[in-house]
Amino acid sequence: MTAPETPFRQRLLAEAVRMEEDRLGRLVEDPAAEARAREAGGDFEQRILRRAAGMELGRRLATSLENIRQVRSWLLVLVSVLAFLAGVGAAGGVFSQESEINILWALSALLGLQLLMLLLWGVLILYRPRGGGGLLGRAAMGVVHRLGRRLCRQPEAGVVLAAGVGLLRRDGLGKWIASSLTHGLWFLFSLGALLGSMFSLSVRQYDFVWGTTLLTENSFVALVAMLGAPAQALGWPVPDPAVVMASRIGEASPAGRELWSALLLSSLVFYGLLPRLLLTGLSVVLARRALRRLRLDTSLPGYARLSDRLGAPARSIGVLDPQPPDSGTVVPAARGRPGPVRGPVRLIGLELQRTDEHWPPRLPGVDWIPVGRADDRSQRRDVLAALRSWPDTEGVVLVLCSLARTPDRGAERFLAAVCEQSPVPVWAVLDEARLLRSRDIDPAARARQWQVAAGRAGLDYVLEAELDDPRHPGTRELANLLGQGGAPA
């Protein structure tokens with residue numbers, strides 16, 4: 001059965017489309033979906049959601065999303081059953097073949113670990129408000145994610161899973177979903193421990209004893225009274241001081257069996273079951289609140305490229321006609337070697353020979369934000385729309401140019417438009433010189449042509465590099481300049 005269309009599912013689908021287009025370095029052409037999105041109206045985010053839902057790519061991603069949802073549901077059922085059985089197993093370990101049960105050991109085995117984890121969860125929520133969520137819940141989410149990737153063989157499954165992880169990191173959504181899982185699984189553990197303990201106490205006879213070396217008798221009596229206070233307030237019987245004193249190891253009192261059993265079971269209810277049930281409900285409420293507040297980050301490059309397509313028509317940036325012969329005046333593009341970049345590094349590919357599988361290129365130590373490929377007029381329009389949508393005043397824009405291409409007037413005008421739209425410095429990185437050597441063309445002569453075009457366009461810096469060769473001097477220089485300023489995409 002197909003899941004209903006929810007706001008989260010719509011945004012997850014749009015996020016998956018964006019990530020796939022970022023991987024390709026270009027927008028996927030679907031004029032019909034874009035036209036329907038514009039005609040439907042609404043704000044920019046609503047048009048993005050309608051475009052994603054109407055695309056052929058969106059429909060393929062939706063199929064993968066449905067398959068992942070089914071796998072996730074079964075995995076969550078499996079994890080829940082395992083948590084319940086773990087509680088039953090813990091109770092079985094406490095009520096083994098021994099006829100005498102040390103009440104302290106029993107309480108520690110059934111409640112100690114989860115109370116410690118509850119304390120750790122509270123500390124993380126208070127002191128790491130952006131993190132937290134519970135180790136158990138995050139571990140369960142990680143297991144579901146990895147198994148979902150392995151079990152769903154569709155090529156789009158990885159994109160959908162990555163998009164889901166990205167959305168869960170926003171507005172505390174992932175934290176509260178992880179908290180819901182954490183407390184829900186501990187609730188099932190406590191329920192299993194409670195039912196297992198009740199079964200064992202119902203079919204066998206046990207004597208409860210206690211012993212301590214460091215605590216005094218009065219201290220232990222006070223501890224038992226404190227543990228039994230919630231149950232006693234509701235009228236449940238708990239051991240009184242006389243029963244406690246008569247239950248030391250070697251002095252088990254048959255009269256205290258029912259009272260100690262009531263203390264054990266009430267402790268499981270008040271310190272295990274109820275707190276986890278209440279915190280599960282609270283986490284679910286906060287997760288739903290975060291879901292209602294969740295919005296797409298339309299400033300991301302993949303969405304910003306759509307601003308012209310889904311809004312007003314874009315203005316022309318010129319045609320790709322040959323560059324006239326140089327007049328002899330060379331305008332230098334580089335104004336001295338710049339210092340290390342502080343802020344995000346945005347990457348644009350201009351008429352590259354790289355395939356989609358090799359975009360964006362990798363540079364050790366640098367994480368850049370791929371804006372997209374600018375191989376034709378529509379893609380250049382999309383890239384400029386993305387640049388206009390960013391308010392950042394720090395960082396740098398890198399235009400990766402192929403030395404295998406001769407710079408024409410259209411490329412020069414595009415570089416000038418990038419400089420005009422960008423509030424931060426614009427650098428040109430001349431790459432793919434290896435392609436020229438195989439064609440017996442001098443890379444230095446081609447680089448000078450790009451230097452002239454970049455200088456006329458007003459770029460701030462031009463650098464030759466071979467990004468596929470980390471030992472190349474230009475590649476090392478670029479890594480040094482960007483290594484301290486790259487921001488994760």
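Everything quoted here is computed from the prediction, not taken from an experiment.

Parameters at a glance
- Residues numbered from 1 in each chain as written.
- Predicted model: local features only at pLDDT ≥ 70, side-chain atom pairs only at ≥ 80, totals over all residues.
- Heavy atoms only, no water.
- Helix = DSSP H or I, 4+ residues; strand = E, 2+ residues; numbered from the N terminus.
- Buried < 20%, exposed > 50% of the residue type's maximum accessible area, 1.4 Å probe, protein only.
- Contact = heavy atoms within 4.5 Å.
- Axes fitted to C-alpha atoms, helices over the stretch in contact; angles between N-to-C directions.
- Parallel < 35°, antiparallel > 145°, perpendicular 65-115°, else oblique.
- Nonpolar A, V, L, I, M, F, W, Y, C, P; charged D, E, K, R; others polar.
- Phe/Tyr/Trp six-rings, centres within 6.5 Å; stacked < 30°, edge-to-face > 60°.
- Lys NZ or Arg CZ within 6 Å of the ring centre and 35° of its normal.
- Pairing = 2+ DSSP bridges.
- Core = buried A, V, L, I, M, F, W, Y, C linked by side-chain atoms within 4.5 Å.
- Patch = residues over 30% accessible without salt bridge, like charges linked within 9 Å, V, L, I, M, F, W, Y side chains within 5 Å.
- Areas by Shrake-Rupley, 256 points an atom, 1.4 Å probe, with all protein chains shown as cover.
- Salt bridge = Lys/Arg side-chain N within 4 Å of Asp/Glu carboxyl O.
- UniProt positions renumbered as here; feature names shortened; annotations may be inferred.
- Lys, Arg positive; Asp, Glu negative; His and termini not counted.
- Charge placed at Lys NZ, Arg CZ, Asp CG, Glu CD.

Looking now at the side chain of aspartate 382. Within the secondary structure layout, aspartate 382 lies in helix H13 (residues 377-388). Classification of aspartate 382 as buried rests on a relative accessible area of 1%. Setting aside its immediate chain neighbours within four residues, aspartate 382 contacts Leu27, Arg305 and Arg309.

Here the focus is the packing of helix H4 (residues 56-94) against helix H7 (residues 157-168). Relative orientation of the contacting elements H4 and H7 amounts to 75 degrees, with a least axis distance of 9 Å. The pairing of H4 with H7 is recorded here as roughly perpendicular in orientation. Contact residues: Leu61, Ser64, Leu65 and Ile68 in H4; Ala157, Val160 and Leu161 in H7. Counted by class, the contact of H4 with H7 contains six nonpolar, one polar and no charged residues.

With that out of the way, let us pick up the packing of aromatic side chains. One pass over the full model with this rule turns up five aromatic pairs. With centroids separated by 4.0 Å and ring planes inclined at 15 degrees, the aromatic side chains of tryptophan 210 and phenylalanine 220 adopt a geometry described as stacked. Taken together, the residues tryptophan 210 in the loop between strand E2 (207-209) and helix H9 (217-233) and phenylalanine 220 in helix H9 connect sequence positions 10 residues apart. Accessibility assignment for this pair places tryptophan 210 and phenylalanine 220 in one class, buried. Against the face of tyrosine 303 rests arginine 18, its NZ or CZ located 5.6 Å from the ring centre.

All right, on to the pairing of strand E3 (residues 345-350) then. For E3, a buried count of six out of six residues is recorded, marking the element as mostly surrounded by other parts of the structure. What you see with E3 is no split at all: Val345, Leu347 and Gly349 on one side and Arg346, Ile348 and Leu350 on the other are buried throughout. As paired strands, E3 and strand E5 (residues 396-402) are joined by six bridges and run parallel to one another. By the bridge assignment for E5, valine 345 is matched with valine 396. Across four bridges, the pairing between E3 and strand E4 (residues 369-373) is parallel. Looking across to E4, one finds that glycine 349 is bridged to arginine 373.

Counting residues in hydrophobic clusters, the biggest one holds 32 residues, and the most contacted among them are Ala14, Ile48 and Leu61. Elements with a minimum of two residues in this core: helix H1 (7-24), helix H2 (31-40), helix H3 (44-54), H4 and H7. Ignoring sequence-local partners within four residues, the contact set of leucine 61 consists of Leu13, Ala16, Val17, Glu156 and Val160. Formed by 31 residues, the second largest nonpolar core is a distinct cluster that contains Leu350, Val383, Ala386 and Leu415.

Turning our eyes to something else, we now look at a nonpolar patch on the surface. Side chains of Trp74, Val77, Leu78, Val81, Leu82 and Leu85 sit close together on the surface and give an oily, nonpolar patch of about 630 Å² of accessible area. By the element assignment, valine 81 lies in helix H4.

In spatial order, the strands read E4-E3-E5-E6-E7; together these five strands make up an open sheet with parallel pairing. Bordering the open sheet on either side are E4 and strand E7 (461-464), each of which pairs with just one other strand. Each neighbouring strand pair of the sheet contributes to a mean axis angle of 20 degrees, computed without reference to strand direction. Packed on one face of the sheet, helix H14 (residues 409-421) meets E3, E5 and strand E6 (426-431) and runs near 165 degrees to E3. Across the face of the sheet, helix H17 (residues 473-482) comes into contact with E3, E5, E6 and E7 while running at roughly 135 degrees to E7.

Let us look at the UniProt feature "transmembrane region" (unreviewed entry) in the protein chain. Mapped onto this numbering, the UniProt entry annotates "transmembrane region" (unreviewed entry) at residues 74-96, 103-127, 176-199 and 259-286. The annotated region residues 74-96 carries 91% helix and 0% strand content, and the separation between its end C-alpha atoms amounts to 32 Å. Taken end to end, residues 103-127 comprises 100% helix and 0% strand; its first and last C-alpha atoms sit 34 Å apart.

The next subject is a positive patch on the surface. A surface patch of positive charge is lined by Arg288, Arg289, Arg292 and Arg293. Here arginine 289 shows up in helix H11 (residues 257-293). Since its relative accessible area comes to 45%, arginine 289 is described here as partly exposed.

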